[in-house]
Amino acid sequence: AKGPVSEAIAEKLTSAFSPVHLEVRNESHMHNVPTGSETHFKVIVISDKFKDARTPIKRHRLVNDTLKEEVAADGPVHALSIVAMTPEKWQAKLEKGEAVGPSPNCRGGDGSLPKRNEA
Amino acid sequence: KANDVVLYMKGTKSMPQCGFSSRVAGVLNYMAVDFADVNVLADEDIRTGIKEFSDWPTIPQLYVKGEFVGGCDIITEMTLSGELDTLF
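Cut-off values and rules
- Residues numbered from 1 in each chain as written.
- Chains lettered and ligands numbered in written order.
- Predicted model: local features only at pLDDT ≥ 70, side-chain atom pairs only at ≥ 80, totals over all residues.
- Heavy atoms only, no water.
- Helix = DSSP H or I, 4+ residues; strand = E, 2+ residues; numbered from the N terminus.
- Rg over C-alpha atoms; globule rule 2.2 N^0.38 Å.
- Contact = heavy atoms within 4.5 Å.
- Areas by Shrake-Rupley, 256 points an atom, 1.4 Å probe, with all protein chains shown as cover.
- Lys, Arg positive; Asp, Glu negative; His and termini not counted.
- Charge placed at Lys NZ, Arg CZ, Asp CG, Glu CD.
- Core = buried A, V, L, I, M, F, W, Y, C linked by side-chain atoms within 4.5 Å.
- Buried < 20%, exposed > 50% of the residue type's maximum accessible area, 1.4 Å probe, protein only.
- Axes fitted to C-alpha atoms, helices over the stretch in contact; angles between N-to-C directions.
- Parallel < 35°, antiparallel > 145°, perpendicular 65-115°, else oblique.
- Left-handed = near helix turned anticlockwise from the far one by under 90°.
- Nonpolar A, V, L, I, M, F, W, Y, C, P; charged D, E, K, R; others polar.
- Phe/Tyr/Trp six-rings, centres within 6.5 Å; stacked < 30°, edge-to-face > 60°.
- Lys NZ or Arg CZ within 6 Å of the ring centre and 35° of its normal.

Trainee: Can you tell me about the overall build of chain A, naming the residues and giving the values?
Mentor: Of the regular secondary structure elements, chain A holds four helices and three strands. Secondary structure elements in chain A, listed N-terminal to C-terminal, are α-β-β-α-α-β-α. A compact globule built from 119 residues would reach a C-alpha radius of gyration of about 14 Å, and chain A, at 15 Å, matches this within 12%. Considering only contacts in chain A between residues 6 or more positions apart, those separated by 24 or more positions represent 65%. Accessible surface, chain A: about 6600 Å² in total, of which carbon and sulfur atoms supply 51%. Averaging the positions of the 17 positive and the 16 negative side-chain charges in chain A gives two centres separated by 6 Å.

Trainee: Could you give an account of the nonpolar core, with specific residues and numbers?
Mentor: Core analysis: the largest hydrophobic core is formed by 30 residues, its most contacted members being Leu7, Leu28 and Ile75 of chain B. Among the elements of the structure, strand E1 (5-9), helix H1 (19-30), strand E3 (61-64), strand E4 (67-70) and helix H3 (72-81) of chain B are those that each provide at least two residues to this core. Membership of the second largest hydrophobic core comes to 16 residues, among which are Val5, Phe17, Val43 and Val77 of chain A.

Trainee: Break down the packing of helix H2 (residues 56-66) of chain A against H3 of chain B for me, with residues and values.
Mentor: Where H2 of chain A contacts H3 of chain B, the axes come no closer than 10 Å and their chain directions differ by 155°. Considering their axes alone, H2 of chain A and H3 of chain B lie roughly antiparallel with respect to each other. Judged by the sense of rotation from one axis to the other, the crossing of H2 of chain A with H3 of chain B is right-handed. Here H2 of chain A contributes Pro56, Ile57, Arg59 and His60 of chain A to the contact with H3 of chain B, which in turn contributes Asp73, Ile74 and Glu77 of chain B. Grouping the constituent residues of the contact of H2 of chain A with H3 of chain B by class yields three nonpolar, one polar and three charged.

Trainee: Can you explain unusual backbone geometry? Please cite residues and give values.
Mentor: Residue Pro60 of chain B is reached from Ile59 of chain B by a cis peptide bond, and omega for that bond is 20°. Looking at the secondary structure, you find Pro60 of chain B in the loop between helix H2 (44-54) and E3. The backbone phi angle of Ser18 of chain A is positive, close to 40°, even though this residue is not glycine. Among the structural elements, Ser18 of chain A can be located in the loop between helix H1 (4-17) and strand E1 (21-26). According to the relative accessible area criterion, Ser18 of chain A is partly exposed, its value standing at 49%. The phi torsion at Asp55 of chain B lies on the positive side, around 55°, for a residue other than glycine.

Trainee: Give a detailed account of the packing of aromatic side chains, specifying residues and quantitative values.
Mentor: Residue and element names in this part refer to chain B. This structure, assessed with the given rule, holds five aromatic pairs over all chains. The interplanar angle of 50° and the centroid separation of 5.5 Å between the aromatic rings of Tyr63 and Phe68 together place this pair among those described as tilted. Residue Tyr63 shares its accessibility class with Phe68, and that shared class is buried. An aromatic cluster is defined as three or more aromatic residues linked by ring pairs; in this entry it consists of Tyr8, Phe53, Trp56, Tyr63 and Phe68. Stacked on the ring of Phe35, the Lys or Arg Lys13 has its end atom at 4.3 Å from the ring centre.

Here is the structure:
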């Protein structure tokens, strides 16, 4: 079942970008946080809206802005990995047989979130 | 010279405390780039301040000659495209 944070992220990205392809991957299970957490996400947003955003930073900033509440210091999202590109670039990527793999493995964390095995 | 390239990260370059930070530090080490690491976990003011400076919500953050270049996704993308080589 998708949690409230996943739903909010999907809704905001859909609304802002009308993406031709959207994936909201909850990667929290890869990190040192309790089961069911919604703290670490990877989002894949494929949209024409990125046509005028010529650099990755510009595209990422558009996504950051859309999710600014979620990624705020006091918001629920601790890590956000972004894949943001136009449909043409995405098509080219798929044709090369490339897929979007998982984010890097956790290194234990910075201690600010409850740990997986904490009671 | 080492201050041309500064990585704001969680942990240190020899002891990263975050997978994303570790990856960027790893890439720079692999490319034998001389860089200064700043552990944002050691100073909450730096952690908050750097996010405000770059208007970017997450760590790690790579700066080259004072300019924000990107976080883990962007650095990874630039490594694969060969663009990162042109920065150093």
